[in-house]
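Per-entry structural report
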Amino acid sequence: MLKLGNLRLDVPFFQAPLSGYSDRAMRVLAHKYGAPLTYTGVMLDKIALHRKAFDRLYSRPGADEGPVGAQILGSNPETMAVAAESFANIGFNLIDLNFACPAPKVLRRFSGGYLLKEPETAIRIFQYVRKSVSCPVTIKLRNGFDNSQESLDKFWQICQDAVAEGVDALIIHGRPVKNLYRDRSNWEIISEVKREFPQATIIGSGDLMDAETVVEHLKTSGLDGVIIARGAIGNPWIFREARALWEGRQKPEGPSLAEQGEVFLRHYELIAETRPMKKSVRYFRKFAVGYSRHHPQRKKVQADLIAARTRDELYAAVKEWYGVG
Ligand SMILES: Cc1cc2nc3c(=O)[nH]c(=O)nc-3n(C[C@H](O)[C@H](O)[C@H](O)COP(=O)(O)O)c2cc1C
């Protein structure tokens with residue numbers, strides 16, 4: 001059981017925030033296959049200041065998504081608090097603060113990973129947000145801005161202050177912002193945070209690409225939980241598999257071709273609910289790449305799926321390779 005404020009998760013892993021991926025469609029499928037919680041991709045706090053745009057873009061997560069955390073990004077404590085309140089009011093179950101994003105345009109606006117350089121601002125943001133909502137508030141951060149000692153000291157400062165202020169969980173990706181995705185995630189330092197603050201809920205992130213690795217890290221890291229990120233793209237089955245292994249059962253057989261094809265089309269149709277046909281086919285390509293990895297003829301399947309320009313062409317490719325649709 002993983003406790004995040006008033007939320008109780010029956011398994012200690014959930015779906016990470018994934019900008020450009022973890023929209024409603026991906027969340028519905030993650031929930032269906034056993035993710036006890038999912039996060040949105042990062043959302044700009046300022047949108048909440050524009051009521052009409054906010055109402056047009058965001059609505060209450062559907063019951064078929066299960067609990068959903070809204071991740072927000074910004075640099076101003078007041079605006080972050082308004083955004084947190086807006087997302088909580090429309091029914092998101094948790095607010096997560098992004099102190100991790102390495103995108104240059106985000107860093108230039110003193111947001112995301114930049115806040116690891118400014119522990120006082122980061123904690124002020126947390127305090128304002130905490131006061132503005134009654135749902136759990138978590139922080140997603142990396143283990144520093146760069147590899148310097150100064151940066152490491154600031155990382156520890158943020159962890160210490162956030163724990164003292166009652167953060168519901170620290171979710172730590174073990175690569176400094178400057179490292180982007182180079183090297184392996186440093187799980188040792190994430191475990192060290194847990195040892196230093198045993199009373200806090202500490203969740204790890206990085207390189208969990210299959211169910212075995214998820215469960216191995218859960219068993220060996222001493223952490224309260226982990227999040228699954230790239231390992232869930234085109235692979236909602238990872239939640240079913242990790243759940244089985246975690247509960248001491250055998251890992252289920254991988255999905256049959258028919259199941260793969262059905263989930264593939266379901267994912268596409270969920271995306272098509274909110275986008276015009278051509279855009280939805282184009283947007284879906286990155287997921288198609290993930291799904292095709294499960295197929296024994298991966299390369300050919302991928303080429304055909306990516307070549308599809310219309311819904312009919314996509315369905316024809318799925319019929320040919322998966323026998324459904
Ligand atoms: C395409 C992509 C989008 C991401 N978007 C976000 C995001 O919006 N917010 C966030 O905090 N982390 C984001 N991340 C980081 C992941 O949540 C995760 O911490 C990171 O990928 C490490 O886990 P992994 O190695 O298991 O993928 C993103 C990562 C990827 C690959």
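Here the structure is a predicted model, which means the values were calculated and not measured. (Residues numbered from 1 in each chain as written. Predicted model: local features only at pLDDT ≥ 70, side-chain atom pairs only at ≥ 80, totals over all residues.)

1. Details of the domain arrangement of the protein
- Domain annotation for the protein reports domain 1 (2-246) and domain 2 (257-322).
- Considered class by class, the residues forming the side of domain 1 that touches domain 2 number five nonpolar, two polar and one charged. (Domains from an automatic or database assignment. Nonpolar A, V, L, I, M, F, W, Y, C, P; charged D, E, K, R; others polar.)

2. A word on helix α8 (residues 211-220)
- Listed as buried for α8 are A211, V214, V215, H217 and L218. For α8, the arc enclosing every buried residue in end-on projection is 160 degrees, short of the 170-degree limit, so these residues lie on one face. In this structure, α8 carries K219 and T220 as exposed residues pointing more than 90 degrees from its buried face.
- Those residues of α8 that are buried lie in contact with β3 (13-15), α7 (187-196), β10 (202-205), β11 (225-228) and α9 (237-246).
- Once α8 finishes, G222 follows within two positions and takes phi at roughly 75 degrees, a positive value. (Buried ≥ 20, exposed ≤ 12 C-beta atoms within 10 Å, placed from the backbone. Helix = DSSP H or I, 4+ residues; strand = E, 2+ residues; numbered from the N terminus. Arc of directions from axis to C-beta. Contact = placed C-beta atoms within 7 Å.)

3. Description of the site of the ligand
- In the vicinity of the ligand lie 21 residues, with A16, S19, V42, A229 and R230 positioned nearest.
- Residue classes in the shell around the ligand are distributed as nine nonpolar, nine polar and three charged. (Near = placed C-beta within 6 Å.)

4. What about the pairing of strand β8 (residues 137-142)?
- Most of β8 sits inside the fold, with six of its six residues counted as buried.
- The alternating pattern of β8 places V137, I139 and L141 and T138, K140 and R142 on opposite faces, both of which are buried.
- Looking at chain direction, strand β7 (residues 94-99) and β8 are connected through five bridges and run parallel. The residue bridging N98 from the neighbouring strand is K140, located in β8.
- At this point the chain moves from β8, through helix α6 (residues 149-164), to the parallel strand β9 (residues 169-173), and the crossover so formed is right-handed. (Pairing = 2+ DSSP bridges. Right-handed = clockwise from strand over helix to strand, strands pointing away.)

5. Here's the deal with unusual backbone geometry
- Positive phi outside glycine occurs at F110, with the angle close to 60 degrees.
- With respect to the secondary-structure elements, F110 resides in the loop between α4 (104-108) and α5 (119-132).
- Taking the number of C-beta atoms within 10 Å as the measure of exposure, F110 has 14 and is therefore partly exposed.
- Even without being glycine, L180 reaches a positive phi, approximately 50 degrees.
- Looking at the secondary structure, you find L180 in the loop between β9 and α7.

6. Some words on the nonpolar core
- Membership of the largest hydrophobic core comes to 97 residues, with the highest contact counts inside it found for I72, I95, F126 and L170.
- Residue assignment places this core across two domains, with domain 1 (2-246) and domain 2 (257-322) each supplying three or more.
- Excluding residues within four positions of it along the chain, L170 makes contact with I139, L141, C159, A162, V193, A200, I202 and I203. (Core = buried A, V, L, I, M, F, W, Y, C linked by C-beta atoms within 7 Å.)

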